[in-house]
Amino acid sequence: LNFNASEDSGLQMLKVAVTGYLARPCRAPVTPRTQSFGVAVPRACAPPRLRRAKYSAQVSQGYKAKAFYCKMTSQEQSSEDAKASTGDKPLLIGITGTLGAGKGAIVELLTEQYGFHHFSARSLISELIKEQGLPLDRPSMVKVANELRAQEGPAAVVERLLVKAQSVTAETGRGAIIESVRTPGEITALRRVGGDGFKLLAVDADSKLRYERAVLRNSETDSVSYEEFVADEAKELDSKEPHKQNLGECIRQADLCFNNNGTMEELYKAVSSSLNLTKPN
């Protein structure tokens, strides 16, 4: 890893960022962010296990709500974010991440403080589950979503949400959030529609902490043991079949990645600053 920082700070950041990993050569230099955001890590420089979204507890505990820029150096990314958020076209945001990591918290921030419209894949699939008379649990969510994608294409869930989102944003001029993105095909559809005005956000946290949040959420799909929680997520992290969940690849393709082991205030600050957002009048 190439840190353009002092020797001491560089060593400290290196120790936190790659504990337990083998470092790979970077194709692009890393430009340090301010202290509140930590280190900007281009995807080319991310450790192999990190890019596959199989995070170690050491890395998860090392960062709180710090943004990792997966594609570009921080200076390039900041410029692109500003362009996307100040252009004439409303900003389109997709959110992906591990179970219970804080996707809903980001949605709450963007809708309540910045006026975004929210379109939920979970709500869409829940309606289909009720229509089929199935139990509203995670296996049903996965089954129904995968069947829909198998019938209509890998991006079927998001494409249905995009129809609604485009109609609403055209009327109001405000941005839209698609939650949650679970297949690479859905990312392709979002980038095709959103162009330069699309950003994919990913969020993760330590698995124990995520399970505790899921239990507190107390939804029907979250009434499971910790072992079941981990096993359910493992089924959704990787797949060779395009119509099935592949959270690991979605996280790898994210434009902004947040590790949400800290407070909501830290997460809100990181997201707002990273997207260069201003509150509507």
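A quick note: this is a predicted structure, and the numbers were derived from the prediction, not measured. (Residues numbered from 1 in each chain as written. Predicted model: local features only at pLDDT ≥ 70, side-chain atom pairs only at ≥ 80, totals over all residues. Heavy atoms only, no water.)

Here we take up the packing of aromatic side chains. Applying the stated criterion across every chain, the model contains 2 aromatic pairs. Ring centres 5.5 Å apart and planes at 75° place the aromatic pair Tyr 211 and Tyr 226 in the edge-to-face group. Here Tyr 226 lies in helix 11 (residues 226-237) and Tyr 211 lies in helix 10 (residues 207-217), a separation of 15 residues in the sequence. In this pair, the class of Tyr 211 matches that of Tyr 226, namely buried. Ring geometry for Tyr 211 and Phe 229: centres 5.5 Å apart, planes at 65°, overall edge-to-face. In this pair, Tyr 211 sits in helix 10 while Phe 229 sits in helix 11, placing the two residues 18 residues apart along the sequence. Cluster of aromatic residues (ring-pair linked, three or more members): Tyr 211, Tyr 226 and Phe 229. (Phe/Tyr/Trp six-rings, centres within 6.5 Å; stacked < 30°, edge-to-face > 60°. Helix = DSSP H or I, 4+ residues; strand = E, 2+ residues; numbered from the N terminus. Buried < 20%, exposed > 50% of the residue type's maximum accessible area, 1.4 Å probe, protein only.)

The relative placement of two packed helices comes down to the angle between their axes together with the axis-to-axis distance. Here helix 10 crosses helix 11 at 110°, and the two axes come no closer than 10 Å. Classified by the angle between their axes, helix 10 and helix 11 sit roughly perpendicular to one another. Judged by residue contacts, Ser 207, Lys 208, Arg 210, Tyr 211 and Ala 214 of helix 10 engage Tyr 226, Phe 229 and Glu 233 from helix 11. Tallied by class, the residues present in the contact of helix 10 with helix 11 amount to 4 nonpolar, 1 polar and 3 charged. (Axes fitted to C-alpha atoms, helices over the stretch in contact; angles between N-to-C directions. Parallel < 35°, antiparallel > 145°, perpendicular 65-115°, else oblique. Contact = heavy atoms within 4.5 Å. Nonpolar A, V, L, I, M, F, W, Y, C, P; charged D, E, K, R; others polar.)

At their nearest, the axes of helix 6 (residues 121-132) and helix 8 (residues 156-172) sit 10 Å apart, and the two run at 105° to each other. As far as their axial angle goes, helix 8 and helix 6 are roughly perpendicular. Taken together, the residues of helix 8 that come into contact with helix 6 (itself represented by Ala 121, Leu 124, Ile 125 and Leu 128) are Val 157, Arg 160 and Leu 161. A per-class count over the contact of helix 6 with helix 8 returns 6 nonpolar, no polar and 1 charged.

Another point: the nonpolar core. Ranked by size, the top nonpolar core spans 29 residues in total, and within it Leu 92, Ile 125, Ile 178 and Leu 190 carry the most contacts. When contributions to this core are tallied by element, the ones reaching two or more residues are helix 6, helix 7 (138-152), helix 8, strand 4 (176-179), helix 9 (184-194), strand 5 (198-204) and helix 12 (247-252). Ranked by residues supplied to this core, first place goes to helix 8 with 6 residues. Residue contacts for Ile 178: discarding those within four places in its chain leaves Leu 92, Ile 93, Gly 94, Ile 95, Phe 119, Val 158, Leu 161, Leu 162, Ala 165 and Leu 190. (Core = buried A, V, L, I, M, F, W, Y, C linked by side-chain atoms within 4.5 Å.)

Within this structure, the stated rule accounts for 12 salt bridges. With a closest N to O distance of 3.1 Å, Glu 186 and Arg 149 form a salt bridge. Taken together, the positions of Glu 186 in helix 9 and Arg 149 in helix 7 put the pair 37 residues apart, joining distant regions of the chain. Glu 186 sits in the buried class, given a relative accessible area of 0%. Overall, the relative accessible area of 3% leaves Arg 149 in the buried class. For Arg 160, the salt bridge identified is with Glu 152, shortest N-O distance 2.7 Å. We classify Glu 152 as partly exposed; its relative accessible area is 43%. Taken together, the salt bridges that share partners define one network made up of Arg 138, Arg 182 and Glu 236. (Salt bridge = Lys/Arg side-chain N within 4 Å of Asp/Glu carboxyl O.)

For the bond from Glu 179 to Ser 180, the omega torsion is -5°, close enough to zero to count as cis. Structurally, Ser 180 can be placed in the loop between strand 4 and helix 9.

Here Asn 246 lies in the loop between helix 11 and helix 12. For Asn 246, the side chain forms a polar contact with the main-chain oxygen of Ser 239, separated by 3.2 Å. Each residue touching Asn 246, except ones within four places of it in the same chain, is listed here: Arg 182, Pro 184, Glu 236, Leu 237, Asp 238 and Ser 239. (Polar contact = N/O pair within 3.5 Å; in protein donor to acceptor, adjacent residues only side chain to side chain.)

To continue, consider the pairing of strand 6 (residues 256-259). Residues Leu 256 and Phe 258 point to one face of strand 6 and Cys 257 and Asn 259 to the other, with burial holding for every one of them. Two strands pair when backbone bridges link them, and strand 5 and strand 6 are joined in this way by 4 bridges, in the parallel orientation. Residue pairing across strands places Leu 201 opposite Leu 256, the latter belonging to strand 6. (Pairing = 2+ DSSP bridges.)

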